[in-house]
Amino acid sequence: MRTFWPLLWQNKVGLIGFIGLVFYLLLITVFQWMVGFDNEVKLDQINSPPGSRLVLLTRPEDKDSYTKLQDLVGHKVGILEKSGAPTFLEKSNVEGLEVETYRWRSGRGVPESLEALAAGEVDALIIFSKLVRRYVLDPSSRDYKVSLSHLTVSNPKLGPALLLGADTQGRDMFTHVINGGRILIITAIMAGLISTAIAFILGTVAALAGGIVDRILVAIANFIIVIPRFPLLIVLAAMITLNNWLLLATLIGLLAWPALMRAIRAQVLSLRERDYVEAAMALDLSRMHIIFREILPNMMGFVVINFVVAITTAMYDQIGLIFLGMAPINDYTWGVMLYFGRSRGTLFNIDSAAMLLAPVLAIAFFQVCLVLFSRALEEAFDPRLRGAA
Amino acid sequence: MIQSLSGPVDTRPWWQKLVQNYTLRTFVQSLFTVWAVITFVFFLIRLMPGNPVEIYVNYLMNTENLTYQDAYNRAASQFKFDPDASVVQQYFVYLGQLLRGDMGESITSTGTKVSSQILRYLPWTVFCVGSALLISFLLGMLLGMLAAYFRNTWVDNVISFLASIVSAVPDYIWAILILIIFGVQLKWFNVGDMRGTYDPATPPGFNLPFILSALQHAILPITTYVLGSIGRWVLAMRGSTTSTLGEDYVNIARARGLKQNRIMTAYVGRNAALPLFTLLAISIGFVLGGSVIVEEAFVYKGLGSFLFWSISQRDYTSMQGVLLIITIAVVFSNMLADLLYSRLDPRVRVTGDK
C-alpha cells in the first residue's frame, strides 16, 4: 500500500479513474446533501431543454416594479409554456408564489399572450421555454417584434437556469442526476461485497479443505457459471418481488461469485505451497490465522481488484434489470430515468435528449472510472504490468 | 526416429481407452451439466415463491371464468404435468418429453410449440450477435496486435485507453447513445423503420432486397455489440502478443534474420492468437444469452427479446425453453473451447495416460 500512491500518481489514466471515483463519492454524499431532489410537478417547464430559465416580460412602465418573482405575489401572471393546457385562468403556485395565472402554449399562444400583456390583461408574463423565448426575444425573428415595441424584459435572469432541462413533469433534471446515483452505487458496492466475500470464503475453503469439499464447491461454481447470468437474473427477478435494494444486491451477488471463486481457489492453492504458509501449518496455527494472516494479505491486491470489477458487473446487472423494468423503480435513479425514457417514449423525442443523456453519461462515466481504477490497481499490485518494464 | 514420432504404443484395453478418452469424457461431462441445468430450472420454476403454476391457474380463473378444476387441467396440459403426480414424477415426465425434443406448449399463445417459437427467433439472434462477434474478434485482434507491436508508444496508449473505455461502458448504454445521438438528434437513420428484424414488405427468401433489409435492421444492434465487446478482444490480444514477443523463439527468429512479416504472422501472430480462440469459443455460447437488453432497446425480435416477452407475459414454459437453449449453447461451446485448445496447441494436449 505504501507504494500505491506514487504509482497511482505516475499512472495518469488510473489517476483519472481515481479522481472520477472520488467525484462520485462526493456526488452521493456532499453534493446530494447540497442539492435537494426536485419532486414538484411544474407544468410550465415540461421537457425544457438544458439551460432554460425563467424570463419575466412586463410593460415598459412596470419595468422597475417586478424585479424578482416575489414581487408578483397577488398579481395576475401570464405563463407562456411550450406545451400544456390552453388559455385559462387559475390560481396557481409558481415557484411557491400565490398568483393568478393565465396560461398559453406556444404557437398561436405566443402572440395572444404578448397582446394580453400589452393590453394589461395580465401584469407580467413568465416565459420559460427556451424555444418560445427565442421567438419572442430574438431580434432576428420578425414575427413578434411589433408586440415587443411596447413591452420590455423586466428581468432576463430570474432564478438559476435549469442546467439539464426538465423532465416530462417539469422537474429539474439536474437535481435528479445528482440524487439518482446513491442507491445504484450503494447497491453495486453491496453486491460486489457479497459476491467477493462468497468467492473468497468458498475459494479458500475449497483450496484448503481439498478432497470432496473441494470437488463439490468447484462443481457448484462450474454449474452456476454455465447458466448465462443475465437471463437467469431476469427470470429470477420476475419471480421474486424485488422490492428493496438489499434484496437486489443479494440476488446479483449470489450469481456473480463463481468465476472469482475459481480464481481465488487457484491462488490459494499456489500460496499454500509457499514456505511461510507451510511453516504456519507446521506450527499448527489455527485455520483462521492461516487464512487471514498468511493468505489474505498476500492476495489482497487480487481480491481488491476483483472487488472493483464485481462492482462494475453489479452496476451492469442492476441497471439492465431496471431498464427492462424488472427491478424496483420507486427510487428515482439513473436506471429509472432510462426506464422511463424507454417506457414513456422520451427516448425518441428530439427535445428530451438531455433527459436521457445525463443519466447515460453518469452511468457510463462511473463504469469507465471503475475500470480505469481497477487497471491502475492491477499495475500497482503486479510489477510485471508496469509500463516501463 | 520414426518410432519416437509416433509415440509409445498404446497398450491399454479398449474399455480403458474409451473411459479415458478426453473428448468423450468432456462430452459426457457436458451432458451431465445440461441435465443439472434442466433439473435446476425445472425445480426453480416449480418451487419458487409465488408458484407459477398456481399463478397461472388463478390467472385463468380470473380472466376466463373457469372453475378451479378446469383452470387446473388447462394449466396441466400446458405445463405438461399430471396434477395428481408429485413434483418428482412430473420431473421425470418432463425429462422424457425433453428427450423427444418436446419443450411443451407456450402458455400464452395456446397451441404453439415452444420449440417452434424458439426456432423462429433464434436465427436472428445468431445472425446478429454472431456477425458482431466475428467483427469484434477480427478487428480486436488486429488492434491488439498493433498495440503490442507499438507498446509503450502513443499508438499503444491510445488503443489501450480507448479499449478500456469502450469496454467499460455497458452495451445497452451504447445502444441508447446510438439511438439518441445518431437516430433522434442527427437523424442519420429512421429509428422507427429499423425496428424488427426485416422489412415486412420484403418477404423472407434468398434475394437481395431481403438480405439488404435484414442487414439494415441488424446494423445498429451489431454496432452496439461490437462496441460493447471489442475492447475485451483488443486488451486480450495485446496482453497475449506482448507475452509472446518476449518468448525465446521470437528472439531467435529475429537473430536468424527472418523477415519481420514472417515473424509477425508465423511466429508471433499464430501463437498469440491461441488463447483468443478459446475465448472465442466460450463467447459463442454467450451469443444467445447476452442480448436481452440490446434487442429490447432496438426492438429487434430475436431470442433475447422473446425471452423478455415470455417473462413479462409470465409464459413459464417459453422461459424454461429459452433458458435451456441458452445454457446448452454455453455448455457445448465450453466443450468446444476445451477440445479446440488441445487441438490447436499440442503442448496442452491431454492424453488418457496422464
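Cut-off values and rules
Residues numbered from 1 in each chain as written. Chains lettered and ligands numbered in written order. Predicted model: local features only at pLDDT ≥ 70, side-chain atom pairs only at ≥ 80, totals over all residues. Heavy atoms only, no water. Helix = DSSP H or I, 4+ residues; strand = E, 2+ residues; numbered from the N terminus. Buried < 20%, exposed > 50% of the residue type's maximum accessible area, 1.4 Å probe, protein only. Contact = heavy atoms within 4.5 Å. Areas by Shrake-Rupley, 256 points an atom, 1.4 Å probe, with all protein chains shown as cover. Axes fitted to C-alpha atoms, helices over the stretch in contact; angles between N-to-C directions. Parallel < 35°, antiparallel > 145°, perpendicular 65-115°, else oblique. Left-handed = near helix turned anticlockwise from the far one by under 90°. Nonpolar A, V, L, I, M, F, W, Y, C, P; charged D, E, K, R; others polar. Domains from an automatic or database assignment. Core = buried A, V, L, I, M, F, W, Y, C linked by side-chain atoms within 4.5 Å. Buried area = accessible area lost by both parts, 1.4 Å probe. Salt bridge = Lys/Arg side-chain N within 4 Å of Asp/Glu carboxyl O. Polar contact = N/O pair within 3.5 Å; in protein donor to acceptor, adjacent residues only side chain to side chain. Phe/Tyr/Trp six-rings, centres within 6.5 Å; stacked < 30°, edge-to-face > 60°. Lys NZ or Arg CZ within 6 Å of the ring centre and 35° of its normal.

(A) The arrangement of the overall build of chain A in detail. On a plain count of helices and strands, chain A comes out with 16 helices and six strands. Looking at chain A as a whole, 52% of its 389 residues qualify as buried. By sequence separation, contacts in chain A at least 24 residues apart represent 74% of the contacts at least 6 residues apart. Of the accessible surface of chain A, which amounts to about 17600 Å², a share of 61% is contributed by carbon and sulfur atoms.

(B) Main features of the overall build of chain B. The helix and strand tally for chain B stands at 15 helices and zero strands. By residue count, 46% of the 354 residues in chain B fall in the buried class. Contacts in chain B between residues at least 24 apart in sequence constitute 69% of all its contacts with a sequence separation of at least 6.

(C) The arrangement of the packing of helix α14 (residues 300–324) of chain A against helix α16 (residues 353–381) of chain A in detail. Residues and elements named next belong to chain A. Put simply, α14 and α16 touch, their axes get as near as 9 Å, and they point 165° apart. The angle between α14 and α16 places the two elements in the roughly antiparallel class. As α14 packs across α16, the resulting crossing turns out to be left-handed. Contacts between α14 and α16 involve Gly301, Val304, Ile305, Val308, Val309, Ile311, Thr312, Met315, Tyr316 and Ile319 from the former and Ile363, Phe366, Gln367, Leu370, Val371, Phe373, Ser374, Leu377, Glu378 and Phe381 from the latter. Split by residue class, the contact of α14 with α16 holds 15 nonpolar, four polar and one charged.

(D) Focus on the domain arrangement of chain B. When its domains are assigned, chain B resolves into domain 1 (13–99) and domain 2 (114–313). Each of domain 1 of chain B and domain 2 of chain B has a C-alpha centre, and the two are 35 Å apart.

(E) Inspection of the packing of helix α15 (residues 334–343) of chain A against α16 of chain A at higher detail. All names here are of chain A. For the pair α15 and α16, interaxial distance at closest approach is 9 Å and the crossing angle is 140°. Regarding the angle of α15 to α16, the classification is oblique. The two elements α15 and α16 cross, and the hand of that crossing is left-handed. Across from Trp334, Met337, Leu338 and Gly341 in α15, the residues of α16 making contact are Leu356, Pro359, Val360, Ala362 and Ile363. A per-class count over the contact of α15 with α16 returns eight nonpolar, one polar and no charged.

(F) A look at the nonpolar core. The biggest cluster of nonpolar side chains holds 179 residues, and the ones touching the most others in it are Leu321, Met326, Trp334 and Leu338 of chain A together with Ile173 and Leu303 of chain B. Excluding anything up to four places from it in sequence, Leu338 of chain A contacts Ile319, Phe323, Leu356, Pro359, Val360 and Ile363 of chain A together with Ile173 and Ile176 of chain B.

(G) Quick peek at the environment of Val19 of chain B. All names here are of chain B. Relative to the assigned elements, Val19 resides in helix α2 (residues 14–20). Residue Val19 is classed as exposed on the basis of its relative accessible area, which comes to 57%. Through-space distance from the C-alpha of Val19 to that of Gly285 is 27 Å; in sequence the pair is 266 residues apart.

(H) Representation of the interface of chain B and chain A within the structure. Of the residues lining the interface, 46 residues belong to chain B; the matching set on chain A comes to 41 residues. Surface buried jointly by chain B and chain A totals about 3900 Å² across both partners, of which 82% is contributed by carbon and sulfur atoms. Counting every contact that joins chain B to chain A gives zero salt bridges. Connecting chain B to chain A are four residue pairs in polar contact (both at pLDDT 80 or more). Counting residues per element, the ones that place at least two in the side of chain B that touches chain A are α3 (22–47), α8 (154–168), α9 (171–185), α13 (292–298), α14 (303–312) and α15 (316–344) of chain B. The element best represented in the side of chain B that touches chain A is α9 of chain B, accounting for nine residues. Its residues assigned to classes, the side of chain B that touches chain A shows 34 nonpolar, seven polar and five charged.

(I) Focus on unusual backbone geometry. All names here are of chain A. Within the chain, Asp284 stands out as a residue other than glycine whose phi angle is a positive 65°. If you trace the backbone, Asp284 turns up in the loop between α12 (275–282) and α13 (287–295). With relative accessibility at 68%, the residue Asp284 sits in the exposed group.

(J) Up close: the packing of aromatic side chains. This model, assessed by the stated rule, comprises 23 aromatic pairs over all chains. Arranged with centres 5.2 Å apart and planes meeting at 40°, the rings of Phe43 of chain B and Tyr91 of chain B form a pair that is tilted. Taken together, the residues Phe43 of chain B in helix α3 and Tyr91 of chain B in helix α6 (residues 87–99) connect sequence positions 48 residues apart. For Phe43 of chain B, a relative accessible area of 22% corresponds to the partly exposed category. Using a relative accessible area of 5% as the deciding quantity, one classes Tyr91 of chain B as buried. Linked through ring pairs, Phe23, Tyr24, Trp334, Phe365 and Phe366 of chain A together constitute an aromatic cluster. The ring of Trp233 of chain B carries the charged tip of Arg232 of chain B above its face, separated from the ring centre by 5.3 Å.

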